[in-house]
Amino acid sequence: MTPTLADLEALARGAGEIVRAGYSPRPGYEQKFTVEYKGRIDLVTEFDKRSEAYLLKEIRSRFPSHRIETEETGLIHGDEGCVWYLDPIDGTTNYVHGLAHFAISIGYAEEGKSKLGVVYDPVQDECFSAERGKGAWLNGYPLRAANTSILERSLVSTAFAHDGPPYTEINLKLFNRFIYLTQNVMQIGSAAQNLCYVAAGRLDAYWEVRIQSWDIAAGALIASEAGAIVSKIDGDCEYLHPPYSILAAAPALHPQMLEVIHQVGQSAR
Ligand code: LIP
């Protein structure tokens, strides 16, 4: 038994209701949850856990044999040919600080290939979705990545992984190079939203040197089905194979971004 895109959209909206109940745009005035620390800057709240518990209960009741990779619980063993990737709140740091840039990310892959992806922003009520070979949509409307072909005309984004060194230093070198080559290098703080914004043409490219499967599985399919080129930062198209990194870009920009990343990598040796 395999899920449909409608199944993933319903799951994402259900988790979105849970997450939205805990969100406050005025955290200085009201905080509806306590914050725990998985690492120095790696936050988790009870709403991450409630969202994940809801998703796991629904998925395991309908697809009990499937494997699930999920941020807070980790790995739930199952059929490696049918894998779910769950981020119950992608952008938890933003969520805690009341910044409305977070989303529920649900990916589904078969035989190592992404098949379905949904990223739901419960504040903006933006549901990004994609099915392999059939396209990508925002609230049912088709998505198309940007056709920007000049780095100097591009708006790009990145983020600095919670893991810290050596990834921070590597990404600072890339940030310092791209800030002079592009219009700007944004930091939105949600990998899933970054990938969906590339899919929508809001961003021309996005990269991270260190990421997790559940951060990127859904958004990478959405970006590629919208016409962006998606790979690891070394150009490897098998982005769902560890170690995970990501580069999603407008088609004409992808090789240019790869070349700069390669040059910086060479100079860092
Ligand atoms: C976050 C990603 C972000 C990345 C962070 C973290 P979380 O996901 O969205 O792009 O830089 O290290 O992985 O932890 O908020 O689900």
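About the criteria used
- Residues numbered from 1 in each chain as written.
- Predicted model: local features only at pLDDT ≥ 70, side-chain atom pairs only at ≥ 80, totals over all residues.
- Heavy atoms only, no water.
- Pairing = 2+ DSSP bridges.
- Helix = DSSP H or I, 4+ residues; strand = E, 2+ residues; numbered from the N terminus.
- Axes fitted to C-alpha atoms, helices over the stretch in contact; angles between N-to-C directions.
- Contact = heavy atoms within 4.5 Å.
- Phe/Tyr/Trp six-rings, centres within 6.5 Å; stacked < 30°, edge-to-face > 60°.
- Buried < 20%, exposed > 50% of the residue type's maximum accessible area, 1.4 Å probe, protein only.
- Core = buried A, V, L, I, M, F, W, Y, C linked by side-chain atoms within 4.5 Å.

(A) Spatial organisation of the sheet that holds strand β11 (residues 155–158). Spatially, the five strands line up as an open sheet ordered β12-β11-β13-β15-β14, and their pairing is mixed. Bordering the open sheet on either side are β12 (184–186) and β14 (229–231), each of which pairs with just one other strand. The sheet shows a mean angle of 15° between the axes of neighbouring strands, direction not considered. In this sheet, β12 lies alongside β11 in parallel orientation, the contact comprising three bridges. Paired with Ser 157 across the strands is Met 186, a residue of β12. In this fold helix α5 (residues 191–200) packs onto β11, β13 (205–208) and β15 (246–249), with an angle of close to 155° to the strand it touches most, β13.

(B) The packing of aromatic side chains, seen in detail. Summed over all chains, the structure comprises ten aromatic pairs. Ring centres of Phe 160 and Phe 175 lie 6.2 Å apart, and the angle between their planes is 45°; this geometry places the pair in the tilted category. One end of the pair, Phe 160, is in the loop between β11 and α4 (167–181); the other, Phe 175, is in helix α4, and 15 residues separate them in sequence. Taking relative accessible area as the criterion, Phe 160 reaches 23% and is therefore assigned partly exposed. The exposure class assigned to Phe 175 is buried, which follows from its relative accessible area of 18%. Seen from their ring centres, Phe 178 and Trp 207 are 4.8 Å apart, and the 45° between their planes marks the pair as tilted. Pair noted here: Phe 178 is in helix α4 and Trp 207 is in strand β13, with a separation of 29 residues, a long-range link.

(C) Here's a closer look at the pairing of strand β6 (residues 103–110). Most of β6 sits inside the fold, with seven of its eight residues counted as buried. When strand β5 (residues 79–90) meets β6, the two strands line up antiparallel, connected through seven bridges. Across the sheet, the residue bridging to Leu 86 is Ile 106, located in β6. Bridging between β6 and strand β7 (residues 113–121) involves seven bridges; their strand directions are antiparallel. Each bridged residue has a counterpart across the sheet, and for Ala 109 the counterpart in β7 is Ser 114. The hairpin turn running from β6 into β7, its antiparallel successor, is two residues long, and Glu 111 in that turn takes a positive phi close to 50°.

(D) Broad picture of the nonpolar core. Counting residues in hydrophobic clusters, the biggest one holds 37 residues, and the most contacted among them are Val 119, Phe 128, Leu 143, Ile 222 and Ile 246. Of all elements in the fold, only β5, β6, β8 (126–131), β9 (135–138), α5, α6 (213–225) and β15 reach the threshold of two or more residues within this core. Setting aside residues no more than four positions away along its own chain, Phe 128 makes contact with Gly 117, Val 118, Val 119, Trp 137, Leu 138, Leu 143, Cys 196, Tyr 197, Ala 200, Arg 202 and Ile 222. Within the second largest apolar cluster, 30 residues are counted, among which are Leu 11, Phe 33, Phe 47 and Cys 127.

(E) Molecular detail of the sheet that holds β5. Read across the sheet, eight strands follow the order β4-β3-β5-β6-β7-β8-β9-β10 without closing on themselves; strand pairing throughout is mixed. Either end of the sheet is taken by a strand with one partner, and the two such strands are β4 (74–76) and β10 (141–142). Judged from the four bridges that link them, β8 and β9 form a sheet pairing that is antiparallel. Its bridge partner lying in β9, Ser 129 is registered against Trp 137. Running at roughly 150° to β5, helix α2 (residues 46–62) makes contact with β3 (66–70), β4, β5 and β6 of the sheet. In this fold α6 packs onto β3, β5, β6, β7, β8 and β9, with an angle of close to 100° to the strand it touches most, β7.

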